[in-house]
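Below, each chain spelled out in residue letters.
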Amino acid sequence: MEPKNQYIPYKMRIASITEEAPLVQTYRLEFVDEKDAEQFTFRAGQFAEYGVFGEGESTFCIASSPTREGYLECTFRSTGRVTKALANCELNDIIGLRGPFGNTFPIEEWYGKNIVFVTGGIALPPLRCVIWNLLDQREKFGDITIYYGARSVNDLVYKEELEEWSSRSDVKLYVTVDPGGETPEWKGLVGFVPTVLEQNPPKSDNAVAIVAGPPILIKMGMPILSKNGFDNANIYTTLENRMKCGVGKCGHCTVGKTYVCKDGPVFTYEEVLKMPAEY
Amino acid sequence: MEIKNIKLSQLPAFFDQLIKSGKVVIAPVMKKSGKVFFERVQSYSQVATDYIQTGFSAKSVVFPKVEVLFSFNKTDDGIDIKDSITDIPETIVWGLRPCDGSAFNYMTEFFLKENPDVYYAARKAKTTLIAISCAKADDACFCTSVGLTPGSTEGSDLLLTTMGEDVYVEVITEKGKAAIDLSASLFSVNEERSKEKYLAKIDTKFSLTEIKERIKTAYDSAEWKNESMGCFGCGACAFSCPTCTCFDIQDEGTQNKGQRLRCWDACGFGQFTKHASGHNPKTNQTQRRRQRLMHKFQYSVENLGIVSCVGCGRCIRVCPAHLNIFENILSVTQ
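Residues numbered from 1 in each chain as written. Chains lettered and ligands numbered in written order. Predicted model: local features only at pLDDT ≥ 70, side-chain atom pairs only at ≥ 80, totals over all residues. Heavy atoms only, no water.

Visitor: What exactly am I supposed to notice about the pattern of salt bridges here?
Guide: In a structure, side chains of opposite charge can pair up when their charged atoms sit close to one another. Residues and elements named next belong to chain A. Going through the model one piece at a time under the given rule, you end up with 29 salt bridges over all chains. One salt bridge connects Arg128 with Glu73, and the closest N-O pair in it is separated by 2.8 Å. With Arg128 in helix 3 (residues 124-135) and Glu73 in strand 5 (residues 72-77), this residue pair connects regions lying 55 residues apart in the sequence. Just as Arg128 is buried, Glu73 falls in that class too. One network of salt bridges, in which partners are shared, links Arg28, Glu73, Arg128 and Glu161. (Salt bridge = Lys/Arg side-chain N within 4 Å of Asp/Glu carboxyl O. Helix = DSSP H or I, 4+ residues; strand = E, 2+ residues; numbered from the N terminus. Buried < 20%, exposed > 50% of the residue type's maximum accessible area, 1.4 Å probe, protein only.)

Visitor: Help me understand the side chain of Arg123 of chain B, please; the structure alone is not making it clear to me.
Guide: With respect to the secondary-structure elements, Arg123 of chain B resides in helix 3 (residues 118-125). With residues near it in sequence (within four places) discarded, Arg123 of chain B still touches Val61, Val62, Pro64, Glu67 and Ile88 of chain B. (Contact = heavy atoms within 4.5 Å.)

Visitor: Looking at this structure, how should I read the confidence of the model for chain B?
Guide: For any part of a model where pLDDT is low, the fine detail of the predicted coordinates should not be relied upon. Summary statistics for chain B give a mean pLDDT of 96 and a share of 100% for residues scoring 70 or more. Across the interfaces of the predicted complex, the ipTM metric reaches 0.93, alongside a pTM of 0.94. (pLDDT = per-residue confidence, 0-100.)

Visitor: I keep staring at the packing of helix 2 (residues 98-112) of chain B against helix 3 of chain B and nothing clicks. Help me out?
Guide: Packed helix pairs are specified by the crossing angle of their axes together with the interaxial distance, meaning the distance between the axes. Residues and elements named next belong to chain B. Relative orientation of the contacting elements helix 2 and helix 3 amounts to 145 degrees, with a least axis distance of 9 Å. In terms of crossing hand, the pair formed by helix 2 and helix 3 is left-handed. Residues Phe104, Met107, Thr108, Phe111 and Leu112 of helix 2 lie in contact with helix 3, whose contacting residues are Tyr120, Ala121 and Lys124. For the contact of helix 2 with helix 3, the residue count by class is six nonpolar, one polar and one charged. (Axes fitted to C-alpha atoms, helices over the stretch in contact; angles between N-to-C directions. Left-handed = near helix turned anticlockwise from the far one by under 90°. Nonpolar A, V, L, I, M, F, W, Y, C, P; charged D, E, K, R; others polar.)

Visitor: Would you take a moment to explain the sheet that holds strand 12 (residues 257-264) of chain B for this structure?
Guide: Sheets are built from strands that pair by backbone hydrogen bonding, the pairs being arranged parallel or antiparallel. Residue and element names in this part refer to chain B. If you trace the four strands from one edge of the open sheet to the other, you get 5-4-12-11, paired in antiparallel fashion. In this open sheet, the two strands that pair with only one neighbour each are strand 5 (78-83) and strand 11 (247-253). In this sheet, adjacent strand axes meet at a mean angle of 20 degrees when their direction is disregarded. Note: strand 11 against strand 12, seven bridges, orientation antiparallel. Residue pairing in the sheet places Gln250 in a bridge with Leu261 of strand 12. Running at roughly 125 degrees to strand 4 (residues 66-75), helix 3 makes contact with strand 4, strand 5 and strand 12 of the sheet. (Pairing = 2+ DSSP bridges.)

Structure (structure tokens):
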């Protein structure tokens, strides 16, 4: 069989648009071609290239869970040429999607364990995929604890889902905003995510932790968990270097000899410590 | 390996048969500037014979500077997408140097070993490489330091070595055989012999075995800063390099009709690793220069088992800041 042309995108129809925060939107995407929908599978942690024809492609993790079939979701901030063009798309417009790319979180290895999520800003979307993946088979996991923060109350994403998780008895949720980002009505925590994590340390017994965020949160969060007794091999992150091809060729995402796109994006802290800090 | 002989005076006749075969023939051409570049030619009279190295390598034959990945056209009921792989012509590259031939070996490993690239595969399958050994070299040449010689056969399909009035022909692959079969009567049987005295003499700058060992601990060398001080990130080294494979993907046209392009990029460019947020993992030229050199001498060895520098010397000749890759490598591995 001829190898697949990895540069030809699937055609996706924008099935719904949700405004999450200023400049941040979630698109639900459905395959235009049913055959594509049937053969496409992915696992939590993988990413895709989302393209607006004539403008280019951008890289985001798949934000919906593989347990929710029939669609994919991505959440993005309108920042550059492509994400601005993406933000200008309308319901039922067709965009391109390539993927899924990269490795995955080893969810089956986590059965029976307590899971801790540490994340900030629009790094919740890549973990939202994992969170729902776990919640959709809740009985297989121990305690689930989520630390999530944003610059301001307005910048929190998935506000309805945060409400839902906060009201569930089987999820422990810490939501915080950076100092100065609170509103008079804000009833959650105030403080940077690493501070909140240090003040409310999660138990490391029989636990794994997943950290996703801007690079500064990854660089600060992982050592805190390590200090709290988490084995470095049980602390996971997803690195989000600049990418173009998604298949280990274009060279943009390299960290030393490692291609984040094909060797990652999921790495353990143990692995990250062996790599140069080029992320 | 099959060895053949052709009279030097018969080379034009052989070349004309290649042209007549209808394939695209790319050969070195002397420009008014005195520099030599590969371009498509129609007759042997256009071909440069007295040159040390071409300005660019022939890598653009298999990895074009700008390549159309696909074109798209919005219609009433969706979008038509069409790739251009079927339009790739059969191509012969004439007169590349043995170092460049071996660069094709590296590129083939890189593009096809894992997640095979269908564009590279299609172009490479249709390309025949006829290399010519080096009788002359300059101060920038250092193939002998990276495990090659001015008469290496790796990666090429045919290698021609001029020996007085005769040309010693090494038939390396089936593609090479197919090329000489186009004018079989011009070639006679030959015996294997040493090319040594007909090849350029190139001093060894370093021991590759030692460098490969020492570079493993070179990441934190203070010398990177000194060695990269002059670099202003123009990317000339990467664009002229026969093994640099980094690329960008850009769209051209409108949202209704256009093309998605793959274009050469360079790890020395400041924007190369910059995130949308503004964060840049490789903030300065020292980090970027280190990435380039570590990739050539360590990362590609770890990933593919190949040193991805062939010693062609182009980056040394074109660098406006006079950076010298083998001097840089020596100083960071001291």
